[in-house]
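One letter stands for each residue in the lines below.
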Amino acid sequence: MPLTTTLKTPVTGPYEQPTGLFINNEWVEGVDKKTFEVINPSTEEVICSVSEATEKDVDIAVAAARKSFEGEWRKVTPQERGRLLYKLADIAEKNTDLLAAVESLDNGKSITMAKGDVGAVIGCLRYYAGYADKIEGKTIDTNPDTFAYTRSEPIGVCAQIIPWNFPLLMFAWKIGPALCTGNTIVMKTAEQTPLSALVFANFVKEAGFPAGVLNIISGFGKVAGAALSSHMDVDKIAFTGSTLIGRTIMKAAASSNLKKVTLELGGKSPNIVFDDADIEQTISWVNFGIYFNHGQCCCAGSRIYVQEGIYDKFIAAFKKRAEQNTVGDPFDNNTFQGPQISQLQYDRIMHYIEEGKKAGATCETGGERHGDKGYFIKPTIFSDVTPDMKIMQEEIFGPVCTVTKFKTEDEVVAAGNDSTYGLAAAVHTRDLNTAIRVSNNLRAGTVWVNQYNMLSHQLPFGGYKESGIGRELGEAALANYTQNKTVSMRLAGPLF
Ligand code: TXE
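Procedures and definitions
Residues numbered from 1 in each chain as written. Predicted model: local features only at pLDDT ≥ 70, side-chain atom pairs only at ≥ 80, totals over all residues. Heavy atoms only, no water. Helix = DSSP H or I, 4+ residues; strand = E, 2+ residues; numbered from the N terminus. Rg over C-alpha atoms; globule rule 2.2 N^0.38 Å. Buried < 20%, exposed > 50% of the residue type's maximum accessible area, 1.4 Å probe, protein only. Contact = heavy atoms within 4.5 Å. Areas by Shrake-Rupley, 256 points an atom, 1.4 Å probe, with all protein chains shown as cover. Lys, Arg positive; Asp, Glu negative; His and termini not counted. Charge placed at Lys NZ, Arg CZ, Asp CG, Glu CD. Pairing = 2+ DSSP bridges. Axes fitted to C-alpha atoms, helices over the stretch in contact; angles between N-to-C directions. UniProt positions renumbered as here; feature names shortened; annotations may be inferred. Disulfide = S-S within 2.5 Å. Near = heavy atom within 4 Å. Polar contact = N/O pair within 3.5 Å; in protein donor to acceptor, adjacent residues only side chain to side chain. Right-handed = clockwise from strand over helix to strand, strands pointing away. Parallel < 35°, antiparallel > 145°, perpendicular 65-115°, else oblique. Left-handed = near helix turned anticlockwise from the far one by under 90°. Nonpolar A, V, L, I, M, F, W, Y, C, P; charged D, E, K, R; others polar. Phe/Tyr/Trp six-rings, centres within 6.5 Å; stacked < 30°, edge-to-face > 60°. Lys NZ or Arg CZ within 6 Å of the ring centre and 35° of its normal.

Asker: Please clarify how the overall build of the protein should be interpreted in this entry.
Answerer: Along the protein, the regular secondary structure elements total 15 helices and 24 strands. For the protein, the C-alpha radius of gyration of 24 Å lies close to 23 Å, the compact-globule estimate for 496 residues. Along the longest, intermediate and shortest principal axes, the C-alpha atoms of the protein span 75 × 65 × 40 Å. Across the 496 residues of the protein, 57% fall into the buried class. Counted over contacts in the protein with a minimum sequence separation of 6, partners at least 24 positions apart contribute 74%. On the protein, roughly 20200 Å² of surface is accessible, and the fraction owed to carbon and sulfur atoms is 52%. Put simply, the protein has 49 plus and 57 minus side-chain charges, and the middle of one group is 4 Å from the middle of the other.

Asker: Whenever I open this one, the sheet that holds strand β20 (residues 424-428) confuses me. Can you help?
Answerer: Sheets are built from strands that pair by backbone hydrogen bonding, the pairs being arranged parallel or antiparallel. In space, the seven strands of this open sheet follow the order β16-β17-β18-β15-β14-β20-β21, with mixed pairing throughout. Edge positions in the sheet fall to β16 (362-365) and β21 (446-449), since each of these pairs with one other strand and no more. In this sheet, adjacent strand axes meet at a mean angle of 25° when their direction is disregarded. In terms of strand pairing, strand β14 (residues 270-273) meets strand β15 (residues 303-307) through four bridges, oriented parallel. Each bridged residue has a counterpart across the sheet, and for Ile272 the counterpart in β15 is Tyr305.

Asker: Please clarify how the UniProt feature "domain: Aldehyde dehydrogenase" (unreviewed entry) in the protein should be interpreted in this entry.
Answerer: Per the UniProt record, "domain: Aldehyde dehydrogenase" (unreviewed entry) is annotated on residues 27-487. Regarding residues 27-487, the helix share stands at 40% and the strand share at 21%, and the terminal C-alpha atoms are separated by 41 Å.

Asker: What is the right way to look at the state of the cysteines in this model?
Answerer: In a disulfide, the sulfur atoms of two cysteines are held together by a covalent bond. One pass over the structure, following the stated rule, counts zero disulfides. Looking at Cys297, it has no disulfide partner, and the nearest cysteine sulfur is the one in Cys299, 5.2 Å off.

Asker: Sorry, what's going on with the UniProt feature "active site" (unreviewed entry) in the protein here?
Answerer: Mapped onto this numbering, the UniProt entry gives "active site" (unreviewed entry) at Glu264. Structurally, the position occupied by Glu264 is in strand β13 (residues 260-264). Residues contacting Glu264, with those up to four places away along its chain left out, are Trp173, Phe239, Thr240, Gly241, Cys298, Leu423, Phe461, Ser467 and Glu472.

Asker: I tried to follow the site of the ligand on my own but got confused; where do I start?
Answerer: The environment of the ligand is made up of 27 residues, and the closest members are Ile162, Trp164, Glu191, Ser242 and Glu395. Side-chain polar atom of Glu191 to an oxygen atom of the ligand: 2.6 Å apart, as the coordinates give it. Gly241 is positioned with one of its backbone polar atoms (N or O) 3.2 Å from a nitrogen atom of the ligand. For the ligand, whose free accessible area comes to 820 Å², the fraction covered by protein is 90%. Contributing elements (two or more residues each) for the shell around the ligand: α8 (221-229), β12 (236-240), α9 (243-255) and α12 (343-358).

Asker: Quick question: what am I supposed to make of the pairing of β15 here?
Answerer: Sheet faces and side chains relate simply in a regular strand, where the side chains alternate between the two faces. With five of five residues buried, β15 lies mostly within the body of the structure. Going residue by residue along β15, you find Arg303, Tyr305 and Gln307 tucked away on one face and Ile304 and Val306 tucked away on the opposite face as well. In this fold, β14 hands off to helix α10 (residues 279-291), which returns the chain to β15; that crossover is right-handed. Alignment of β15 against strand β18 (residues 400-406), held across five bridges, turns out to be parallel.

Asker: Please explain the environment of Asn215 as it appears in this structure.
Answerer: The topology assignment puts Asn215 in strand β11 (residues 214-217). Put simply, Asn215 and Ala120 are 95 residues apart on the chain and 22 Å apart in space, counted from C-alpha to C-alpha. The contact partners of Asn215, leaving out residues within four places of it in the chain, are Phe22, Ile23, Asn24, Ala61, Ala64, Ala65, Ile185, Val186 and Met187. Among the polar contacts made by the side chain of Asn215, one reaches the main-chain amide nitrogen of Asn24 at a distance of 2.9 Å.

Asker: How do you make sense of the packing of helix α4 (residues 96-107) against helix α5 (residues 111-131) when you look at a structure like this?
Answerer: Any two packed helices are characterised by how steeply their axes cross, that is the angle between the axes, and by the distance between the axes. Orientation of α4 relative to α5, taken along the N-to-C sense of each, is 125°, at an axis distance of 8 Å. The angle between α4 and α5 falls in the class oblique. The interaxial crossing formed by α4 with α5 has right-handed handedness. Every residue of α5 that contacts α4 at Thr96, Asp97, Leu99, Ala100, Ala101, Glu103 and Ser104 is listed here: Ile111, Ala114, Lys115, Val118 and Ile122. Tallied by class, residues from the contact of α4 with α5 come to seven nonpolar, two polar and three charged.

Asker: Sorry if this is basic, but what is going on with the packing of aromatic side chains here?
Answerer: By convention here, two paired aromatic rings are described through the distance between centres and the angle between planes. Evaluation of the coordinates by the stated rule reveals 18 aromatic pairs. Taken together, a centroid distance of 5.3 Å and an interplanar angle of 35° make the contact between Phe147 and Tyr149 tilted. Its relative accessible area of 37% is what places Phe147 among the partly exposed residues. For Tyr149, a relative accessible area of 24% gives the class partly exposed. For the pair Trp164 and Phe397, a centre-to-centre distance of 5.5 Å together with 85° between the ring planes defines the contact as edge-to-face. Of this pair, Trp164 sits in the loop between β9 (157-161) and α6 (167-180) while Phe397 sits in the loop between α13 (390-393) and β18, placing them 233 residues apart in sequence. Owing to a relative accessible area of 11%, Trp164 belongs among the buried residues under this scheme. One Lys or Arg, Arg74, reaches over the ring of Phe69 and ends 5.1 Å from the middle of that ring. Of note, Lys236 hangs over the ring of Tyr481, and the distance from its end group to the ring centre comes to 4.7 Å.

Here it is in structure tokens:
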């Protein structure tokens, strides 16, 4: 199979799309020469085929990452690691339009949102570039006869498995902290969205990273993903995806070499609106909280709780707002919501919608397909819901939310916390005391006040409860990719 193909997007014209596996800074075919098709979710048509990594390719990629970790990459100074990451960010910036277009084509997100993602990718890489020469240990005074210090060392060969909802951004969140701390990587992208990372791979070589530092493979979870999680020469695995697969990965790590594990998993986040909130602003944030990225956000504000005094007014205004969201062609600058990622996700979401209707919830708006081609679903709001309904308990990962009326603060905090997940939450109120009290009492890794989905590479992000283990972003993410070594040295002199 050729290792590149010429593709076109409506905004870039023709470009060269790599389709091979990126191992050791080279493009190669898979050993078994397998390929799989990549589907455009807006049209349901095949975009191209890419190489599929199997266990044998995983072995080759891990060996390349190991060789680099033990060899050339180890000799690179922290300052140089930072310089390489800055260079990578600069190249990405120059190619913003291409990267965004490929992301829209492959994932279906609107071109404006895709450009936002690329901006966030660049910001994230620069942030971690700056950390490369600021990784420090401590000297610890234990005894006058001893000199003891700690070193913050890289973990080694890191496997990183990412999902399809933010293909490039998840890629950056993972590689930034891992590379600045001196690890090497085998990255497996999601089978639904391999294309942008493959374009990015060329920039890795162009930036000057030594061979084997960052290997990027396309492939399926059950094959390449499983091989990485159970690999005996992978030192750490970082995963973003479903809670179900998070458990599988932890089990594989436990029954192989006890590789370190960090997980960023699902959510069913409560978005709480008090009577005193600025209703107009809040409607915008609630709308953005659930419908941004077509509801395909692990932190989506999918359980909305509204205090009784403004409930009726809220429902009417929110319904009107949701119906104004432009759903359609991702390459139209006015589009807010594109298609869901795949037929499978479309079916899963429609199934939840049917469950909600059957269970007796009121579908205030949406609840059906948009158009007749592509995986588009209309923004959907359910009211008259009860806590036992599936649509209240399970992550739907689509443009579907529930709205529940509440009376008191205690009641809504208990309801908000009534979930196996704990990724994010939000509070809308003009009262500072309410904002702080409720934020403190919600069991979630991130709480937004009077806003939603406002992530920053400077702020730690991750889950309480079954939403994950470890924190991504911010200084906190460095801990995912370093391990402490204690060196304790006896100074010359008698033993006792
Ligand atoms: O996720 P999977 P899917 C949630 C969301 C969604 C559901 C299913 O609720 O509806 O998951 O989506 C790789 N060993 N999230 O099926 O399967 C897979 O190849 C190793 C939340 O797409 O978890 C892909 O790269 N890896 C989420 C990645 O895991 C395996 C984002 C995610 O796929 C594997 C996406 C295996 N056995 C979905 N099986 C978030 N937290 O943002 C699959 N994979």
